[in-house]
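Each chain is listed here by its residues.
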Amino acid sequence: MVVTPEITTDELIITDERIIHIKESHPGDYELLAPHLQYMTAEPDFILVSSRPNTAVILKNIDGVLGKLVLRLRVPEDPEDYKNSIITGMVIDEQSWKRLTKPKKTLYKRE
């Protein structure tokens, strides 16, 4: 099981519009997660299946703060100027972490 068989770039961006979305939808979470975005994506604890096509969910425990990122991955069918991008990010509670990390949804788990 994979998110998509053909990811066409390793570049990852977050747009100003997405930062505003995170700040408005999840107050305080962007400020907690922003310093760790590169770490979260480079060394995730979990990569999960998303219900949306070409999309992955990244989970990372950062010193007890449970972070969740949703990434849209660029595939060959996308316009040439598309990049992999962070769609949203938030801090989640332990109950959500446990629910999300059920084995049937897990593509990758850090051992």
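For the structure, check the block above.
Worth saying up front: this structure is predicted, and the values here are computed from it rather than measured. Sequence order as written defines residue numbering, which begins from 1 separately in each chain. The predicted nature of this model means local features are confined to residues of pLDDT at least 70 and side-chain atom pairs, given and counted, to a pLDDT of 80 or more, with totals for whole chains, interfaces and linings taken over all residues. Neither water nor hydrogens contribute to the side-chain values; these are computed over all heavy atoms in the structure.

## Details of the overall build of the chain
Phase 1: Counting its secondary structure elements, the chain contains four helices and six strands.
Phase 2: Listed N to C, the secondary structure of the chain is β-α-α-α-β-β-β-β-α-β in terms of helices and strands.
Phase 3: Taken against the 2.2 N^0.38 rule, which gives 13 Å for 111 residues, the C-alpha radius of gyration of the chain at 14 Å falls within 12% of a compact globule.
Phase 4: Across its three principal directions, the C-alpha atoms of the chain cover 40 × 35 × 20 Å.
Phase 5: Accessibility here uses a 1.4 Å probe with only protein chains present; expressed as a share of the type maximum, an area under 20% marks a residue as buried, one over 50% as exposed, and anything in between as partly exposed. Relative to its 111 residues, the chain shows a buried fraction of 41%.
Phase 6: Counting contacts in the chain only where the partners sit at least 6 residues apart, residues at least 24 apart contribute 56% of the total.
Phase 7: Working definition of accessibility: Shrake-Rupley area with a 1.4 Å probe, residue cover restricted to the visible protein chains. In the structure as shown, the chain presents an accessible area of about 7000 Å², 51% of it carried by carbon and sulfur atoms.
Phase 8: Taking the 15 positively charged and 18 negatively charged side chains of the chain as two groups, their mean positions are separated by 8 Å. Numbering goes from the N terminus for both helices and strands, where a helix is a DSSP run of H or I of at least four residues and a strand is a run of E of at least two. Atoms counted for the radius of gyration: C-alpha only. Globule rule: 2.2 Å times the number of residues to the power 0.38. Note on definitions: a residue-residue contact is assigned when non-hydrogen atoms from the two residues lie within 4.5 Å. The convention is simple: Lys and Arg are positive, Asp and Glu are negative, and His and the chain ends are not counted. A charge is said to be at NZ when it belongs to Lys, at CZ for Arg, at CG for Asp and at CD for Glu.

## Regarding the packing of aromatic side chains
Phase 1: For this analysis, a ring pair means two rings from Phe, Tyr or Trp (six-membered ring only for Trp) whose centres lie within 6.5 Å, classed as stacked if their planes differ by under 30 degrees, edge-to-face if by over 60, and tilted for the remaining angles. Applying the stated rule across the entire model yields one aromatic pair.
Phase 2: Taken together, a centroid distance of 5.7 Å and an interplanar angle of 85 degrees make the contact between Phe46 and Trp97 edge-to-face. Of the two residues, Phe46 sits in strand 2 (residues 46-49) while Trp97 sits in helix 4 (residues 94-100), which places them 51 residues apart along the sequence.

## Here we look at the environment of Leu100
Phase 1: Relative to the assigned elements, Leu100 resides in helix 4.
Phase 2: Not counting residues up to four positions away in its chain, the partners in contact with Leu100 are Leu48, Leu59, Lys68, Ile92 and Lys105.

## Things to note about the sheet that holds strand 3 (residues 55-62)
Pairing between sheet strands relies on hydrogen bonds along the backbone, with the strands arranged either parallel or antiparallel.
Phase 1: Two strands are said to pair when DSSP picks up at least two bridges between them. Strand order in the open sheet formed by six strands is 1-5-4-3-2-6, with mixed pairing between adjacent strands. Strands at the two margins of the open sheet, each flanked by one partner only, are strand 1 (12-13) and strand 6 (106-109).
Phase 2: For strand 3 and strand 4 (residues 65-72), the ladder comprises eight bridges, and the chain directions are antiparallel. Across the sheet, Ala56 pairs through a bridge with Leu71, a residue of strand 4.

## Details of the nonpolar core
Phase 1: With 13 residues, the main nonpolar core has Tyr30, Leu33, Leu37, Met40, Leu69, Leu71 and Ile86 as its most contacted residues.
Phase 2: At the level of elements, helix 1 (16-25), helix 2 (29-33), helix 3 (37-42), strand 3 and strand 4 are the ones that each hand at least two residues to this core.
Phase 3: Apart from the residues lying within four places of it in its own chain, the contact partners of Leu33 are Met40, Ile62, Gly67, Lys68, Gly89, Met90 and Val91.
Phase 4: Side-chain atoms within 4.5 Å are what join buried Ala, Val, Leu, Ile, Met, Phe, Trp, Tyr and Cys residues into a set we call a nonpolar core. In this structure, Val57, Val70, Ile92 and Trp97 belong to the second largest nonpolar core, which totals ten residues.

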